[in-house]
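Working through the structure, step by step
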Amino acid sequence: HQNVTVSKLLEQYSIKPFGWYQSAILCLIASMYMKKRVDLKKNSNPLTKSEILSILSNNREQSNIIVSVVEKIDDKDIKAAKDILKEFFPNGNFTSTSAREIIELANKEYEKTLSKLNSFLSHPYPFKESFKKAIEGIKVYEKLDYDNFFTDIKKYEDDLLDLKDELLDPLFEFMEGDKRKIYDEIASFISTNKDNLYHIKDTKINDLYALLEDTAPYKGNKVQTAKSSLKVIQEQLSPMIESVKNEALSKVDELIVKIQSLRSEEHTSELQS
């Protein structure tokens with residue numbers, strides 16, 4: 001029941017007179033790792049190939065690296081976990097039958113998803129709390145223990161898939177699709193025409209304001225409804241702006257003619273004098 005470290009293995013198998021060279025022992029450890037016979041961990045966290053290569057070449061770290069035998073995972077548990085992961089990370093390629101590779105790929109997909117959510121926080125949307133909620137929700141994944149991954153993930157299946165359906169999917173569809181473009185267009189329209197919109201009496205304008213005040217505009221058909229209302233309001237506002245613009249231009253033309261007339265009269269008066 002003791003933790004077996006790399007340094008302990010070196011000490012045990014290098015005992016004279018029949019001990020091996022250190023490099024031979026390290027090569028055997030690396031070989032067993034590549035054959036998925038053992039895992040190497042630091043502070044209970046599994047190490048990657050590049051980390052292991054660096055550590056096996058560095059005597060200072062070897063006393064902190066635990067070598068543990070890889071236990072056989074039931075094929076049914078592996079299949080069940082892969083089904084859950086495929087649904088939660090639809091972009092992941094979970095075709096491997098290796099327990100370690102499945103976990104490594106799942107960790108990468110988790111990191112990518114978390115990174116995307118964190119990048120969304122830089123946008124000044126009024127519903128930023130939704131991004132924070134999604135980040136906190138997906139961290140449920142971090143509770144999965146490496147050694148018990150294939151049994152633990154079934155315990156969290158409902159939490160993960162509910163989070164995906166209710167929050168992650170709508171958020172990603174919004175941020176990476178046309179909904180966000182429409183939302184930004186509406187926000188820009190409201191900002192640009194803030195003064196002009198006082199003249200619009202159509203109640204459809206409320207759809208635009210409601211969308212921008214909504215704490216979950218990415219859900220349902222709110223964006224599509226607001227898009228239809230935007231078109232109606234634009235069709236009403238454009239001729240009004242054009243009319244005011246033409247009226248202003250007409251007054252300018254009148255002033256120009258008047259000024260030209262006054263100048264002409266002054267010029268005539270000067271000639272007469």
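This report concerns the structure included in the present document.

1. A word on the overall build of the chain
- Tallying secondary structure elements over the chain gives 11 helices and 3 strands in all.
- Each helix and strand of the chain, placed in order from N terminus to C terminus, yields the pattern α-α-β-β-α-β-α-α-α-α-α-α-α-α.
- In terms of C-alpha radius of gyration, the chain reaches 34 Å, well past the compact-globule figure of 19 Å for 273 residues.
- Its C-alpha atoms give the chain principal-axis dimensions of roughly 130 × 50 × 25 Å.
- Looking at the 273 residues of the chain, the share that counts as buried comes to 34%.

2. A word on the pattern of salt bridges
- If you walk through the whole model with that rule in mind, you get 15 salt bridges.
- Residue D83 pairs with K79 through a salt bridge whose shortest N-O separation is 3.1 Å. Separated by 4 residues within a single helix, D83 and K79 lie in helix 4 (residues 75–88), roughly one turn from each other.
- K79 gets classed as exposed once you look at its relative accessible area, which sits at 53%.
- In this structure, the salt-bridge partner of K116 is E176, at a minimum N-O distance of 3.1 Å. Taken together, the residues K116 in helix 5 (residues 99–120) and E176 in the loop between helix 8 (157–175) and helix 9 (178–192) connect sequence positions 60 residues apart.

3. Topic: a negative patch on the surface
- On the surface, E87, D158, D159, D162, D165 and E166 cluster together into a negatively charged patch.
- Top element by residues in the negative patch is helix 8. It accounts for 5 residues.
- As for its position among the elements, D162 is in helix 8.

4. A short note on helix 6 (residues 128–138)
- Of all the residues in helix 6, the buried ones are S130, F131, A134, I135, G137 and I138. For helix 6, the arc enclosing every buried residue in end-on projection is 165°, short of the 170-degree limit, so these residues lie on one face. Residues E129, K133 and E136 are exposed on helix 6 and point more than 90 degrees away from its buried face.

Each value, and the rule that gives it
Residues numbered from 1 in each chain as written. Predicted model: local features only at pLDDT ≥ 70, side-chain atom pairs only at ≥ 80, totals over all residues. Heavy atoms only, no water. Helix = DSSP H or I, 4+ residues; strand = E, 2+ residues; numbered from the N terminus. Rg over C-alpha atoms; globule rule 2.2 N^0.38 Å. Buried < 20%, exposed > 50% of the residue type's maximum accessible area, 1.4 Å probe, protein only. Salt bridge = Lys/Arg side-chain N within 4 Å of Asp/Glu carboxyl O. Patch = residues over 30% accessible without salt bridge, like charges linked within 9 Å, V, L, I, M, F, W, Y side chains within 5 Å. Areas by Shrake-Rupley, 256 points an atom, 1.4 Å probe, with all protein chains shown as cover. Lys, Arg positive; Asp, Glu negative; His and termini not counted. Charge placed at Lys NZ, Arg CZ, Asp CG, Glu CD. Arc of directions from axis to C-beta.

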